[in-house]
Amino acid sequence: MAAQEQAPCSPAAARSTNFPLPLPARFLDASEAVGETVVLASYPRSGNSLLRSLLESISGVVTGSDTAPNRTLSLALQECGVRGEGVIDERAWVVKSHYPERRGCARFAAKRAILLVRNPWDVIDSYFNMTLTNSHNTTMRDDQYARFEELFRGLARAEADVWARFNRWWLRAPIPLLVVRYEDLVHHRHRTLRRVAWFLRGCDPLEGTGWADRVDAACGAELDASGFYAPRRGGARRVGSSLRRFDDALRGEVEDICGSMLADFGYDAGRGFPETVDVAPRALRAPVPPGDGDHDVDDSGALLLNGGREVRDKDSPFGRYMTTFRRSLTEPVVADDGAELNAHEVAAARARGDAPLRVAR
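Fair warning: this is a prediction, and the values are worked out from it, not measured in the lab. (Residues numbered from 1 in each chain as written. Predicted model: local features only at pLDDT ≥ 70, side-chain atom pairs only at ≥ 80, totals over all residues. Heavy atoms only, no water.)

## Notes on unusual backbone geometry
Following Tyr-99, the chain continues to Pro-100 via a peptide bond in cis, the omega torsion being 5 degrees. For Pro-100, the position within the fold is in the loop between β3 (94–97) and β4 (108–110). Residue Phe-273 is joined to Pro-274 through a cis peptide bond whose omega torsion reads 5 degrees. Relative to the elements of secondary structure, Pro-274 occurs in the loop between α10 (261–264) and β7 (284–285). In this model, Asn-134 sits at a positive phi of 55 degrees, which is unusual for a non-glycine residue. Of note, Asn-134 is situated in the loop between α3 (120–133) and α4 (143–147). At Asn-306, a position not held by glycine, the phi torsion is positive, near 75 degrees. Relative to the helices and strands, Asn-306 is located in the loop between β9 (303–305) and α11 (321–327). (Helix = DSSP H or I, 4+ residues; strand = E, 2+ residues; numbered from the N terminus.)

## Some details on the sheet that holds strand β8 (residues 296–297)
Sheet strands associate in pairs through backbone hydrogen bonding, adopting either a parallel or an antiparallel arrangement. If you trace the three strands from one edge of the open sheet to the other, you get β4-β9-β8, paired in antiparallel fashion. Of all strands in the sheet, those bounded by a partner on one side alone are β4 and β8. Relative to β9, β8 runs antiparallel, the two sharing two bridges. From the neighbouring strand, Asp-296 faces β9, where its bridge partner is Leu-304. (Pairing = 2+ DSSP bridges.)

## What about the environment of Pro-174?
Secondary-structure assignment places Pro-174 in the loop between α5 (149–171) and β6 (177–181). A relative accessible area of 15% places Pro-174 in the buried class. Put simply, Pro-174 and Gly-270 are 96 residues apart on the chain and 30 Å apart in space, counted from C-alpha to C-alpha. Beyond its immediate chain neighbours, meaning those up to four positions away, Pro-174 contacts Val-288, Pro-289, Pro-290, Gly-291, His-295, Val-297 and Leu-303. (Buried < 20%, exposed > 50% of the residue type's maximum accessible area, 1.4 Å probe, protein only. Contact = heavy atoms within 4.5 Å.)

## Some remarks on α5
For α5, with 23 residues, the first-to-last C-alpha span of 33 Å sits near the 33 Å given by 1.5 Å per residue. Of all 23 residues in α5, 17 are buried, a share of seventy percent or more. (Expected span 1.5 Å × (residues − 1).)

## As for the sheet that holds strand β2 (residues 64–65)
In space, the six strands of this open sheet follow the order β2-β3-β1-β5-β6-β7, with mixed pairing throughout. Two strands lie at the open edges of the sheet, namely β2 and β7, each paired on one side alone. Across five bridges, the pairing between strand β1 (residues 38–42) and strand β5 (residues 112–117) is parallel. Of the residues in β5, the one forming a bridge with Val-38 is Arg-112.

## So, the pattern of salt bridges
Counted under the stated rule, the structure contains 22 salt bridges. As a salt-bridge pair, Asp-247 and Arg-153 come within 2.8 Å of each other at their nearest N and O atoms. Of this pair, Asp-247 sits in the loop between α8 (210–218) and α9 (248–258) while Arg-153 sits in helix α5, placing them 94 residues apart in sequence. We note a salt bridge from Arg-165 to Asp-313, for which the minimum N-O separation is 3.2 Å. Highlighted residues: Arg-165 in helix α5 and Asp-313 in the loop between β9 and α11, separated in sequence by 148 residues. Where salt bridges share partners, they join Glu-101, Arg-102, Glu-159 and Arg-312 into one cluster. (Salt bridge = Lys/Arg side-chain N within 4 Å of Asp/Glu carboxyl O.)

## Things to note about the pairing of β5
Taken across its six residues, β5 has six buried, putting it largely inside the fold. A two-sided burial pattern is seen for β5, the buried positions comprising Arg-112, Ile-114 and Leu-116 on one face and Ala-113, Leu-115 and Val-117 on the other. Bridge count for β5 against β6 is five bridges, and the pairing is parallel. Directly across from Val-117, in β6, lies its bridge partner Arg-181.

Listed below in structure tokens is the structure:
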């Protein structure tokens, strides 16, 4: 099939209007600065764009990000109405970061953290899709998994380790931290957003405040209309939908790599996951751990980000190097609607006489 332009993301303005709309999000000015930054930390594809949209709805403040605003995927988010890409200063209260999975575009300090987690099977599959489609909301056709089977298996093993290292790093971070699961945003949104609002308010009660009203309003919309863009087709928000991509052997390998962290987050078969999704067993982590050599803090006790070592190995072929792999392909990646997603990259690779790279290990 001939190459097609990808459909634009659904903007935030497409939310349902049959309930009282939350406050429109805006940047803070100097007189309103809250005096601290809360970092929203997540392994990629854990639902941070969805949570950022919901946070803007309940707080009325634009969320920032340490991603360079000129990167392809960042530009795509901006086209979907995300206004805080590259903003890490006092104009934003909550700043999204994937550190230490990768370093952001600039260093900043955070006094508190929200750790957003998602089960490794769904998040690894979503990451695989993103790296090959270069899109947040495009799904590859099923036959592409057979085409890239060796690549997927190698990536799944490597990224399960990165997922575990990333979450372990944050659970040991020496600042107050709230754990939020993507699955709870899907199945227990009201209770989860109340937890988040309570944490942002310094653990003050919500009753009788505008925060409680805005949480209620944010939970009145359909979930697919609550984010900056529509989710990928094929049941991307159905918890555990990606398990079909993992045979018993690969699923077992992922379980072994992630270890006890699966049970810590409620992702183990003993809890009936994914058929049963109870409210996360973790929420506010207490007590705050002491500092260690892996975490840098300033004199005020704020955690310094984007200056240390990444948890992905330097020679890993499954991080940003996946872009190089995709650009070496001489046949296009095909979406579930038949669109050829990277025809321009394929044409350039053919003109150069490239042979597709092998990155699986």
